[in-house]
Each structure stands twice: as C-alpha cells, then as structure tokens.
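Observations on the model geometry
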Amino acid sequence: MEVQNPTVENTSTKKAKLNTKRNMMFWGWLFIAPTLIGLLVLNIFPVFQTVYLSFHSVSTFGQSTFIGLNNYIKMFNDTNFWKSLSNTLFYAGIQVPITVVLSTLAAVLLNTKIKGLSVYRTLYFLPMIAAPAAVAMVWRWLFNSQYGLINIIIESLGFNADIQWLSDPNLVLWAVIIVGIWSNIGYNMILLLAGLQEISKDYYEAATVDGASKLRQFFQITLPLLTPQLFFVLVTSIISALQVFDVIFVMFDLTNPSLSSVQSLVYLFFHESYVLNDKGYGSAVIIILVLIIMIITAIQLVGQKKWVNYD
Amino acid sequence: MHKDLNVKTKTLIHVILIIGAIGMVLPFVWMILTSGKTVGESISIPPQIFPESFRWQNYSKVWNVLPFVSFFINTGLMIFFRIISSTLFSAMAAFAVAKLDFPGKNIFFMIVLTQMMIPAQIFLTPQYLLVQNLGLLNTVSALVIPGVVSAFGTFLLRQFFMKLPDELMEAATIDGANIWQIFYKIYLPLAKSGLISLAIFTSLFAYKDLMWPLIVNMSQNKMTLSAGLASLQGQYATNYPELMAGSVIAIIPMVILYVIFQKRFIQGIASTGGK
C-alpha cells in the first residue's frame, strides 16, 4: 500500500467526519420524523387545544366561542362535578392500597419455589386480557341482587343476602372497587414478582444464619429491596385508578338512579362531551383531572426519596 | 428465598394461592356456565350451577343480533394497521435515539416521555375533532389514527436497542452500508423480541380500548368487539345467558392469543416496570 501524505489524510478525515455528522443528522431526523410528527399532531398540539377548548363553548362541528372562565365557574357550582371528584378520589384511595397489598402478597407467595408457579401466574393474569366490556358485563350479572352469584354465596354462608350492589348509593362504588381490585392484581403481581426475583439469595442466607425469622426477613430484606418496583406499581396504579371509566360505563345504565354516586371524573368528561355534546365543559373537567394527577404524581416523586431504596 | 419450607407452610401457601385463583377464575367460569343456560335456568331459585344441556342457541342468537363478523374484522384491521405502523415508526425512532447522535434528539425524547405521562383523555376531544374534520367518523381509519405512532413503543424499543453493541454499526459503516441498511438489516432483526412484545401490547391496548371506538364509530357495523359488546347491554338488560354468550365470543380471541404467547406477555410486562 502507498504511504499517503499526512496533511491530505488529515483534511480528508475532517471532511469525512463532517460528512458523517451531517449524515447522522439527516438519518436521525428522518428516523424520528414519523413519530415526531405523529406525536405533535395527535398528542402535543391536542393538549393545548384542550386547554383552549376549556375556555370556549364548542358547537357540534367544533366551532368555538370564547366564554372565559364560564366552564370552570359552572364546574365549581356543579354538584355532579364535586360528587364525581369525591367518587374518583375515594375509588383510587381504596382500590389502590388493597390491590397493592394483595398483589405483593401474591408475588411473595409465588416467589417461594412452590410447584405450579406458571399455572397461578396464568390464572391471576387472566382478568387483564379480557375486554373491559365483557368483564363489566359478567360482574354486573354476579352483582345482580336477586340472582347474582355473589348474593347467593353470601346467603349460603348464612348472612342476609339482600344486598343491592348496583342500586344502593352507599354500595355502588364498592362494587366498582371490587372489580378494579380483581382486574389489576395480576398485572401488578407480575411486575412485583420480577422485582423479587432480582433480589440476591445471599441476603436471605446471611439472615437465616443470623437466626432472623421469615417475617423479619420479609420486613427487613424483601420489602426494602422491593421498594423501586412498589413505587412504580403505586404511581401507575394511582394514575390509572384516577381514570376509571369502563366498568362504570358498562355496569350502570344512564337511567340508574345511583349513577351520581358512582360516576367518576372521566365518566363526567365522557358524558358531558359526547352525550350532552358540551365539549368545552368536558375539556374543563379533564383539565382538572390532569392537574390532580400531575400534583399527586409530583408529590409521590418528591416523597419517594423518603422510602424508595435505589442502590 | 425459602429453601427449607416445611410441608405445612407449603400447604398453607397453596391454600391461599388457590383461594385467590378461584376468585380470579370464577367470574369466567360463571360467564361460560350462564352462557349455556336458558333464561329460566339462569334465574332459578335455588340456583342451578350447570345447565340441563348446554344451549348453543344462545350463541347463534346473539351472533345474529349483533354484527359480530364486522366487529371481528374491524378489531382485526385496527390492530393490524396499528401494529404495522407503530412498530415500524417506533423502531426507527427508538434506533435513532439509542444509536445515532444528532441535535434535537434529547428534545424529541422529552416529547416521548411527556406523552407517556399525560393521561390520554386530554388528547381525546382534539383527536375526535380531527377525525371528524377529515370526514373519517365511522371508518376503520378512525379506529387506527390515535395508534399510528407510539411514544410507549419508542420508549420500550429504545431499551432493546441500547442493549445491542455499537460495534455492529462501526463494522457495517466500514463495509459501506448506509444507516437505513444498518438499521433494517442488522439491528432490527436483533430487536425481534422487543418488536414482538410491542406488537402484543399494541394488540392488547387496542382490543381493550373502549372510549375511543365508542365515540368515533357510532354505527354498529363499524364498531370494535369492545364497543359492540358494550352496546349489547342496553338492548338486552335481562337476558343474561345471551349477554354472557356475547361476552364469551368477545374474549375468546385474546384468550387464544394469550395462551399462545403467554411467556411473551409476561416477559413484556415484567420488562416495562421497575428500575
């Protein structure tokens, strides 16, 4: 091979580097272009549009008239809004802790090298893959006050079984909570199980040598080392619980007199925007929900430093 | 964790897990049992657990009442186009973020993360107005549109591409391949398991989504399985055997998919959470 003149080589590498840089930029932008355009059109711009709509009165075809804070004023005077807000917070406040505790219990029990792990895992996850309409439909049948399986079982245990799950205003939200717990245990359990499997066996061996009981091992080793996954599960569960809609929509008809005791903010958003066709008011409702979710998530992100254990 | 569990503890664990499993499965079992009963059997007191003879007529009846064939086709097409479009675009974007260096990359990734963190209902009305203005209400395109790109997919696949070595790229550049060829011929096949996970998630999300198909496609023959089934409830308030037959029909496709791809489902989910 011929020996090249060093100066020539130098400029040509510089040129080549510049070329690669330009080349990289061209391909980089080309590769992200479809997703970037899609996200801007379908997600980023719509955020601003929803904020805009919340200050407007919107006609069926999307023409809007500016009405200032009227939607928000209407909302703060709307008992349905306050009821939906408290229903939503109550639902999340009860459903999430119970689900997280039960899915942690299931994950810990499944992490004990017992037989049948994959069978249990498959069964626990089953609710997650069913269409919510089908899930809500079967629960509606199970909760039926006269012929539903749940009241039949309660009666066979010797209790008074005249429980109006789907019409007693004090119980309707509990019915939705039960379905929510049942639907979400499997998903959270799998996330937590993955976390448990990462914990090194050495910790337990050392603890056993030191004579620590299983219960103590759980609280001193398992739980602290599982906190990153627990945190993730908690944050995502709260976000999705605050958006509860499907089950309420299918289990409760519009004519159900207890609807106001069970409707959530997303239900109110849907009802106002697409049944009553008031998309401006619906947008204001959803803005408030998003703000609530952001605040709760931010508090958790700050609070995690106190209890989440990242190595 | 517990190498030295005694028989007693193991039995106790099984008992707890079995009780839980019964709770998980019972609604499905009851759904199937009810779907084979006559209305009379379903509301008999004392309750009748098994139908006298399984009434398949409930299935044929509900099949004729609702355009289930359209539901299946619409759901299938929605999932098919969303998978093709969002996996390809997400893979391209994820590859660029993981392996290429260019100005604007970080801002783009911030947009991806932002989209993932914002509750989806805030996009809904503007998306609806967009579809309406394009004259696409009551079409399969309306079902596909919110899923043509995926921030979640970009995020998920980025993790897969990051795990692959950079050296592959350098070697291929020396051999004269351009970046598209490097992506398509070298990296993409190596990220196959990520692509499959994403395809599974895309199908599951699309199949379970209720509100979007409900608002954009009001005409019955353009509905998805999820929305179509929800529309059944109003018409049939009391005929539970037929409602349950409809529910069984609607959950069967995902159950089959789940049985086939079970490991992928579980690995896919486990890979999205945690640290």
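Residues numbered from 1 in each chain as written. Chains lettered and ligands numbered in written order. Predicted model: local features only at pLDDT ≥ 70, side-chain atom pairs only at ≥ 80, totals over all residues. Heavy atoms only, no water.

A few points about the overall build of chain A
The line we're drawing: The way it works is that DSSP assigns letters per residue, a run of H or I at least four long becomes a helix, a run of E at least two long becomes a strand, and they are numbered from the N terminus. What the globule rule says is 2.2 Å times the number of residues to the power 0.38, and the radius of gyration is computed from C-alpha atoms. Every accessible area reported is derived by Shrake-Rupley at a probe size of 1.4 Å, with residue values counting cover from the shown protein chains alone. Lys and Arg are tallied as positive, Asp and Glu as negative. Neither His nor the chain termini are counted. Throughout, a charge is located at the NZ atom of Lys, the CZ atom of Arg, the CG atom of Asp or the CD atom of Glu.
When helices and strands are tallied, chain A shows 12 helices and two strands. Mapped in sequence order, the helices and strands of chain A form the string α-β-β-α-α-α-α-α-α-α-α-α-α-α. Here the C-alpha atoms of chain A give a radius of gyration of 27 Å, more than 25% beyond the 19 Å that 2.2 N^0.38 yields for 311 residues. In terms of overall dimensions, chain A has a C-alpha envelope of 100 × 75 × 35 Å along the principal axes. Entry remark: accessible area of chain A is about 15,000 Å², with carbon and sulfur atoms responsible for 66%. One finds the centroid of the 17 positive side-chain charges in chain A at a distance of 11 Å from the centroid of its 15 negative side-chain charges.

Concerning the domain arrangement of chain A
Defined as follows: Source of the domain bounds: an automatic or database domain assignment.
Partitioning chain A into domains gives domain 1 (6-40) and domain 2 (79-307). Here the C-alpha centre of domain 2 of chain A lies 48 Å away from the C-alpha centre of domain 1 of chain A.

Looking at the packing of aromatic side chains
Convention followed: Side-chain rings of Phe, Tyr and Trp, where Trp is taken by its six-membered ring, are said to pair if the distance between their centres is within 6.5 Å; with planes under 30 degrees apart they count as stacked, over 60 as edge-to-face, and otherwise as tilted. The buried label applies to any residue whose accessible area, calculated with a 1.4 Å probe on protein chains only, is under 20% of its type's maximum; exposed applies above 50%, and partly exposed to all values in between. Distance and angle both matter: a charge sits over a ring if NZ of Lys or CZ of Arg is within 6 Å of the ring centre and within 35 degrees of the ring normal.
All chains considered together, the criterion is met by 45 aromatic pairs over all chains. Look at phenylalanine 270 of chain A and tyrosine 274 of chain A: their rings are 6.3 Å apart centre to centre, the planes differ by 35 degrees, and that puts the pair in the tilted class. A residue pair is termed a helical-turn pair when its members lie 3 or 4 positions apart in one helix, as phenylalanine 270 of chain A and tyrosine 274 of chain A do in helix α11 (residues 265-275) at four residues. You'll find phenylalanine 270 of chain A and tyrosine 274 of chain A in the same group, each marked buried. Ring pairing ties together the aromatic residues Phe26, Trp27 and Phe31 of chain A together with Phe95, Phe161, Trp180, Phe183, Tyr184 and Tyr187 of chain B, which thus form one cluster. Its end group placed over the ring of tyrosine 281 of chain A, lysine 74 of chain A keeps NZ or CZ at 4.0 Å from the ring centre.

Description of the packing of helix α4 (residues 68-99) of chain B against helix α5 (residues 105-117) of chain B
Residues and elements named next belong to chain B. The condition is simple: Fitted lines through C-alpha atoms give the axes, limited to the stretch in contact for helices. The angle between two N-to-C directions lies from 0 to 180 degrees. Angle categories are assigned with fixed cut-offs, so that under 35 degrees is roughly parallel, over 145 is roughly antiparallel, 65 to 115 is roughly perpendicular, and the rest are oblique. Crossing chirality is assigned from the near helix's rotation relative to the far helix, an anticlockwise turn below a right angle marking it left-handed and a clockwise turn marking it right-handed. Contacts: residue pairs with any heavy atoms within 4.5 Å of one another. Three classes are used, and their members are as follows: Ala, Val, Leu, Ile, Met, Phe, Trp, Tyr, Cys and Pro are nonpolar, Asp, Glu, Lys and Arg are charged, and the others, Gly among them, are polar.
The N-to-C vectors of α4 and α5 enclose an angle of 130 degrees; their axes lie 10 Å apart at closest approach. Overall, the two elements α4 and α5 adopt an arrangement that is oblique. For the pair α4 and α5, the crossing hand works out as left-handed. For the pair formed by α4 and α5, the contact residues are Ala93, Ala96 and Val97 on the first element and Lys105, Phe108 and Phe109 on the second. Taken together, the residues of the contact of α4 with α5 break down into five nonpolar, no polar and one charged.

Regarding the confidence of the model for chain B
Note the cut-off: In predicted models, pLDDT denotes the confidence assigned by the predictor to each residue on a 0 to 100 scale.
Summing up the model confidence of chain B, the mean pLDDT is 89 and the portion of residues at 70 or higher is 95%. Mean pLDDT across the secondary structure elements of chain B bottoms out at helix α15 (residues 262-272) of chain B, with 78, and peaks at helix α7 (residues 140-144) of chain B, with 97.

Focus on the nonpolar core
Applied cut-off: To qualify as a nonpolar core, a set must consist of buried Ala, Val, Leu, Ile, Met, Phe, Trp, Tyr and Cys residues joined through side-chain atoms within 4.5 Å.
By size, the foremost hydrophobic cluster in this structure holds 195 residues, and its most contacted members are Trp139 and Met251 of chain A together with Phe95 and Phe161 of chain B. With 15 residues, the single largest contributor to this core is helix α7 (residues 172-198) of chain A.

Notes on the side chain of glutamine 263 of chain A
All names here are of chain A. Looking at where glutamine 263 falls in the secondary structure, it is placed in the loop between α10 (246-251) and α11. Glutamine 263 sits in the buried class, given a relative accessible area of 5%. If we skip the residues at most four places from it in the chain, glutamine 263 touches Asn80, Ser84, Asn87, Ile248 and Leu268.

A word on the pattern of salt bridges
Residues and elements named next belong to chain B. Cut-off, in case you're wondering: Any Lys or Arg side-chain nitrogen located within 4 Å of an Asp or Glu carboxyl oxygen qualifies as a salt bridge.
With the rule as written, the count across this model stands at four salt bridges over all chains. Among the salt bridges present, the one from glutamate 242 reaches lysine 61, with a minimum N-O distance of 3.2 Å. Placement of glutamate 242 in helix α14 (residues 240-260) and of lysine 61 in helix α3 (residues 57-65) is noted, with a sequence separation of 181 residues between them. Taking the shortest distance from any N to any O, the salt bridge between lysine 99 and aspartate 166 comes out at 2.7 Å. Of the two residues, lysine 99 sits in helix α4 while aspartate 166 sits in the loop between α8 (151-163) and α9 (167-174), which places them 67 residues apart along the sequence.

Regarding the interface of chain A and chain B
Condition: Here the quantity called buried area is the total loss of accessible area, with a 1.4 Å probe, experienced by two parts when brought into contact, counted for both.
Across the boundary between the two partners, chain A contributes 96 residues, which contact 95 residues of chain B. When chain A packs against chain B, the two sides together hide about 9,100 Å² of surface, and 76% of this comes from carbon and sulfur. The tally of links from chain A across to chain B stands at zero salt bridges.

A look at the packing of helix α5 (residues 132-142) of chain A against helix α1 (residues 7-35) of chain B
Two elements in contact, α5 of chain A and α1 of chain B, have axes separated by 10 Å at closest approach and are oriented at 80 degrees. For the element pair α5 of chain A / α1 of chain B, the angle class is roughly perpendicular. Across from Ala134, Val138, Trp139, Trp141 and Leu142 of chain A in α5 of chain A, the residues of α1 of chain B making contact are Pro27, Trp30, Met31 and Thr34 of chain B.

What to know about unusual backbone geometry
Even without being a glycine, lysine 113 of chain A presents a positive backbone phi close to 60 degrees. By secondary structure assignment, the location of lysine 113 of chain A is in the loop between α3 (79-110) and α4 (117-129). Positive phi, normally seen in glycine, also occurs at asparagine 138 of chain B, with a value near 60 degrees. Inspection of the secondary structure puts asparagine 138 of chain B in the loop between α6 (121-133) and α7. For asparagine 138 of chain B, a relative accessible area of 29% corresponds to the partly exposed category.

Considering helix α8 (residues 201-209) of chain A
What counts, and what does not: Counting of polar contacts relies on pairs of N or O atoms within 3.5 Å, with two restrictions inside protein: one atom must be capable of donating a hydrogen and the other of accepting it, and residues adjacent in sequence are counted only when both atoms are side-chain atoms.
A side-chain oxygen of the first residue of α8 of chain A lies 3.1 Å from the backbone nitrogen of aspartate 202 of chain A; this N-cap is serine 200 of chain A. The positive-phi residue at the C-terminal boundary of α8 of chain A is glycine 211 of chain A, with phi of around 85 degrees.

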